[in-house]
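Structural features, examined
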Amino acid sequence: MADSLATAAEGIDLRAEFERSGVRDVLAELDRSLVGLAPVKRRIRETAALLLVERARKQLGLAQETPTLHMSFTGNPGTGKTTVALRMADLLHRLGYIRKGHLVAVTRDDLVGQYIGHTAPKTKEILKRAMGGVLFIDEAYYLHRPENERDYGQEAIEILLQVMENRRDDLVVILAGYGRRMERFFESNPGFRSRIAHHIDFPDYSDDELLGIATVMLERQNYRLDSAAAAAFARYVETRRRQPHFANARSIRNALDRARLRQANRLFETSTGPLGAEALSTICAEDILASRVFSLAAVRESGDD
Amino acid sequence: MRITQGAFSFLPDLTEPQIRAQVQYCIDQGWAVSLEVTDDPHPRNTYWDMWGHPMFDNPDAAAVMLELAECRKVFGDRYIRVVAFDAGHGWESVRLSFIVNRPAEEPGFRLVRQEAGGRALRYATAPYAADRPSGNRYG
């Protein structure tokens, strides 16, 4: 795609721009380090291409306006929204759309004050800190509390909207949250919807992808699953998914943390002599099968009968 | 009479991009940038009024330029300076300050003579602007 556009642009070699700006490195890193998320990666690739072309057009004097870059990330808990936002900040920085490339992650508490007159300075303080970078508002729908019409969240929303419109050169706002609640949030605040150009939806991970994530997480900490443990973990993922409060990769991370705890306990109680690196870094099936998830599942199934 | 305090004051007034570049330099050095305001131009008046808090954790000059625009809206007829404070060990003081806004008209200073014992004379300077009460000095 880039090649055909390069001839149309006359004089700007998009392929070379792609290499030089370091966008390729960011995208490759994204591909390498994040398991699954194919639609998200595709959207980011498209966005990167658009921004690259936009920049080339600007250099040739074909475009003056900075494109709207505000985004919304929707998806269930633990699907990688914050991680991708970090990469997005890096990407925008390399493309020269933001000057510093830092990410300021906030929630309602950081923006909304506790008494009259507290909200505006607080929100402005955060906005100032985010200038030149990306402001990431997690669970953005908490800003809007329809049940309380005197809620200070509305004030924060108004300031945000104003800055999103007037200071497009200075900062990019990414709103994140769970799909349906974000939908309702946009419905009650149409101002946001019209100011956000890119909506990216994060799908849930499949069981295989979650296993892949587990492997990557363990590798990073120099642990590994033996083959029985890998099979047990596959069953764990399948069972855990059907239970409430399943948070994708975050649940996996917590499960692994608990498995490491059990492994340490097991080694401590059963070991008689010195332990090798092999024993210290292997997680066995029993470390995983001891999880409460399996006993809960058993209770539920017997209850159903 | 154009008053000359702080850096760059013998140069023509800095333009917006020049101010932004200076501020960005200060931030990149790790200094906390803040704005200060006064309507008393006496050269020994070192304690100006603060505009907001020093901005310790802003990585970009845009935030300071935003505050400067706000400050000009309120105190556009007074002196405004940018102050860069270095909190580093051994410094703990202002590293750079320069005026970014001044009144349209600067009336200058009067020489004041005071007779002291033994027909000695003491000299002082008093800004003409200070003849009027604070708040109504310019414009």
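For the structure given in this document, a descriptive report is provided here. (Residues numbered from 1 in each chain as written. Chains lettered and ligands numbered in written order. Predicted model: local features only at pLDDT ≥ 70, side-chain atom pairs only at ≥ 80, totals over all residues. Heavy atoms only, no water.)

**Examining the nonpolar core**
Residue and element names in this part refer to chain A.
- Counting residues in each nonpolar core, the largest one holds 57 residues, and the members touching the most others are Ile44, Phe73, Leu91, Leu92, Ile174, Phe233 and Ile288.
- Once residues lying within four places of it in the same chain are set aside, the contact partners of Leu91 are Val23, Val26, Leu27, Ile44 and Ala48.
- In this structure, Leu127, Ala140, Phe185 and Ile196 belong to the second largest nonpolar core, which totals 28 residues. (Core = buried A, V, L, I, M, F, W, Y, C linked by side-chain atoms within 4.5 Å. Buried < 20%, exposed > 50% of the residue type's maximum accessible area, 1.4 Å probe, protein only. Contact = heavy atoms within 4.5 Å.)

**As for a nonpolar patch on the surface**
- The grouping of B:Leu111, B:Leu121 and B:Tyr123 at the surface amounts to a nonpolar patch, some 300 Å² of accessible area in total.
- When you line up the elements, B:Leu121 lands in strand β6 (residues 121–127). (Patch = residues over 30% accessible without salt bridge, like charges linked within 9 Å, V, L, I, M, F, W, Y side chains within 5 Å. Areas by Shrake-Rupley, 256 points an atom, 1.4 Å probe, with all protein chains shown as cover. Salt bridge = Lys/Arg side-chain N within 4 Å of Asp/Glu carboxyl O. Helix = DSSP H or I, 4+ residues; strand = E, 2+ residues; numbered from the N terminus.)

**Focus: the environment of A:Leu296**
- Among the secondary structure elements, A:Leu296 is positioned in helix α16 (residues 292–304).
- Considered as a pair, A:Leu296 and A:Leu30 are 266 residues apart in the sequence and their alpha carbons are 36 Å apart.

**Examining the pattern of salt bridges**
- Summed over all chains, the structure comprises 30 salt bridges over all chains.
- Measuring nitrogen to oxygen at the nearest pair gives 3.1 Å for the salt bridge that ties B:Glu67 to A:Lys128. Highlighted residues: B:Glu67 in helix α2 (residues 62–75) and A:Lys128 in helix α7 (residues 119–130), drawn from two different chains. Accessibility assignment for this pair places B:Glu67 and A:Lys128 in one class, buried.
- Here the salt bridges do not stand alone but share partners, grouping A:Arg99, A:Arg167, A:Asp170 and B:Asp60 into one network.

**Quick notes on the interface of chain A and chain B**
- Across the contact, 10 residues belong to chain A and 13 residues belong to chain B.
- Taken together, the two surfaces of chain A and chain B that pack against each other cover about 1,000 Å², and 53% of this comes from carbon and sulfur.
- The largest per-residue losses of area from chain A upon contact with chain B belong to A:Lys100, A:Lys128 and A:Arg129, which jointly make up 50% of the total buried on that side.
- Across the contact surface, chain A and chain B share four salt bridges.
- Measuring nitrogen to oxygen at the nearest pair gives 3.6 Å for the salt bridge that ties B:Asp28 to A:Lys100.
- At the junction of chain A with chain B, the criterion picks out three residue pairs in polar contact (both at pLDDT 80 or more).
- Residue composition of the side of chain A that touches chain B, by class: one nonpolar, two polar and seven charged. (Buried area = accessible area lost by both parts, 1.4 Å probe. Polar contact = N/O pair within 3.5 Å; in protein donor to acceptor, adjacent residues only side chain to side chain. Nonpolar A, V, L, I, M, F, W, Y, C, P; charged D, E, K, R; others polar.)

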